[in-house]
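# Overview (structure and organization)
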Amino acid sequence: MTNKTQWNEATEAVLGAESILVVTHVKPDGDAIGSLLGLTLALRERGLNVDAAVDGGVPKFLEYLSGTETVYSKLTVSKWDLMISVDASDEERTGLVGAYGREHSGKIINLDHHATNTFFGNIYLVAPESVSATEIVYDWLVHMGGTISQSAAAALLTGLVTDTIGFRTSNVNPRTLEIVRELMLLGAPLHEIIQRTLVSRDYNDLELWKHVFPSIELKDGIISAVVTQTNLKQAGLDDMTDGGLVSTLISVEEAKIAVVFKEQSDNRVEMSFRSVVGFDVSAVAFALGGGGHKQAAGATVEGTMAEVQAQVMPLLQIALKQGEALG
Ligand code: AMP
Ligand code: MN
Ligand code: MN
């Protein structure tokens, strides 16, 4: 696990830039938007000229954060002295806005906490022991000096809450809670963030589960489910999702590894992996061209559902055996 944090170089790059673009990963989660907005707002508050962008814009459940209306969903005509990529382990994960930004920016700061980070870019704030990308943004802002507004604090706390699933992951440590305390003192509303990101869900997700549940299988320690394009239509949903099902699957006592196979409309299959402590799904995801963390990872692979399952299940069985051998 490589830790490389060039705080001074990163701060110098930011202070010397007349224009900055911040991007994050496609299909953004709470940590992606939290680190994108937390950093963008904080840098703007320091008088810097900052644009923020993510393919498709901010998802609805995160629209409560300040500044979402300023986030671009597409980039067409502009250039920047500096691009900062947050919460993305590789260049491809930053999607179309990331590709546009790379072509139209002088330098790139890579700020991320994935152990699978590929060290793209020029300056690194890569800290895999951080529970969220927002923790790294927080550390950087403390290093930089100056205040953190309530709006920026709420965005940063959002990433801490969502990537730890409400402080339930094994990497949560006393310092995590110290940062939570600091952000709450700055006015970040912990209860509202938990409610909006972890508790509240759309009825459509349950409608989807009605159709997806028959596909659930538990074999040895691996639990799996399949979401098809047909299921999506049956539930009246436009974009592929598992509605959070993979988290429910890994809560099953007998399961060590969980996977949801999500059929895309273009002969590709997206996968969400979860594991219990002692089992590593990030290596499997990385081998498939994706990435993530030991306990939560993902990848998208070309092929039909049957082909992808035939390729992936043996890899998961190996990860299961390796975990059992070490345990
Ligand atoms: P998800 O199952 O989509 O919630 O993703 C779980 C974790 O895996 C998150 O940390 C994601 O950032 C990471 N992840 C998911 N898909 C990919 C991918 N295609 N490439 C790299 N990382 C991914
Ligand atoms: Mn993320
Ligand atoms: Mn993250």
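So, how was this worked out
Residues numbered from 1 in each chain as written. Chains lettered and ligands numbered in written order. Predicted model: local features only at pLDDT ≥ 70, side-chain atom pairs only at ≥ 80, totals over all residues. Heavy atoms only, no water. Helix = DSSP H or I, 4+ residues; strand = E, 2+ residues; numbered from the N terminus. Rg over C-alpha atoms; globule rule 2.2 N^0.38 Å. Buried < 20%, exposed > 50% of the residue type's maximum accessible area, 1.4 Å probe, protein only. Contact = heavy atoms within 4.5 Å. Areas by Shrake-Rupley, 256 points an atom, 1.4 Å probe, with all protein chains shown as cover. Domains from an automatic or database assignment. Buried area = accessible area lost by both parts, 1.4 Å probe. Salt bridge = Lys/Arg side-chain N within 4 Å of Asp/Glu carboxyl O. Polar contact = N/O pair within 3.5 Å; in protein donor to acceptor, adjacent residues only side chain to side chain. Nonpolar A, V, L, I, M, F, W, Y, C, P; charged D, E, K, R; others polar. Pairing = 2+ DSSP bridges. Donors = N, O, S within 2.8 Å, 3.2 Å for Na, K, Ca; no water. Axes fitted to C-alpha atoms, helices over the stretch in contact; angles between N-to-C directions. Parallel < 35°, antiparallel > 145°, perpendicular 65-115°, else oblique. Left-handed = near helix turned anticlockwise from the far one by under 90°.

## Things to note about the overall build of the chain
Across its full length, the chain carries 12 helices and 13 strands. Relative to the compact-globule value of 20 Å for 327 residues, the chain shows a C-alpha radius of gyration of 19 Å, a close match. Projected onto its principal axes, the C-alpha positions of the chain cover 55 × 45 × 35 Å. Burial statistics for the chain: of 327 residues in total, 51% are counted as buried. Considering only contacts within the chain whose residues lie at least 6 apart along the sequence, 65% involve residues at least 24 apart. For the chain, the accessible surface area stands at approximately 15,000 Å², while carbon and sulfur atoms represent 51% of it.

## As for the domain arrangement of the chain
Taken as a whole, the chain is organised into domain 1 (4-199) and domain 2 (203-326). Inter-centroid distance (C-alpha atoms) of domain 1 to domain 2 is 27 Å. For the pair domain 1 and domain 2, the two sides together bury roughly 650 Å², of which 51% comes from carbon and sulfur. Applying the counting rule to domain 1 against domain 2 returns 1 salt bridge. Counting across the interface, domain 1 meets domain 2 through 3 residue pairs in polar contact (both at pLDDT 80 or more). When the residues that make up the side of domain 1 that touches domain 2 are grouped by side-chain class, the tally is 1 nonpolar, 5 polar and 2 charged.

## Regarding helix H8 (residues 203-212)
Every buried residue of H8 is accounted for by Asp205, Glu207, Leu208, Trp209 and Val212. Where H8 is buried, its residues touch strand E9 (222-227), helix H9 (229-234) and helix H10 (245-250).

## Some thoughts on the pairing of strand E13 (residues 296-302)
Because side chains alternate across E13, one face comprises the buried residues Ala297, Ala299 and Val301, and the other comprises Ala296, Gly298, Thr300 and Glu302, none of which is buried. Bridging between strand E12 (residues 291-292) and E13 involves 2 bridges; their strand directions are antiparallel. Paired with Gly291 across the strands is Gly298, a residue of E13. From the end of E12 to the start of E13, which pair antiparallel, there are 3 residues.

## Quick look at the coordination of the manganese ion (ligand 2)
Coordination sphere of the manganese ion (ligand 2), protein contribution only: His25 (NE2), Asp29 (OD), Asp29 (OD) and Asp87 (OD), at 2.2 to 2.6 Å. Between consecutive donor residues of the manganese ion (ligand 2), the sequence gaps follow H-x3-D-x57-D. A separation of 3.7 Å is found between the manganese ion (ligand 2) and the manganese ion (ligand 3), which are bridged by Asp87. On the criterion of sequence distance, the pair formed by Asp29 in the loop between strand E2 (20-23) and helix H2 (30-45) and Asp87 in the loop between strand E5 (80-86) and helix H3 (95-103) is long-range, its members being 58 residues apart.

## Focus: the packing of helix H5 (residues 150-163) against helix H6 (residues 174-185)
Where H5 contacts H6, the two axes come as close as 9 Å, and the packing angle between them is 155°. Taken together, the axes of H5 and H6 lie roughly antiparallel to each other. In this structure, H5 crosses over H6, and the sense of that crossing is left-handed. Mapping the contact onto sequence places Ala153, Leu156, Leu157 and Leu160 in H5 and Thr176, Ile179, Val180, Leu183 and Met184 in H6.

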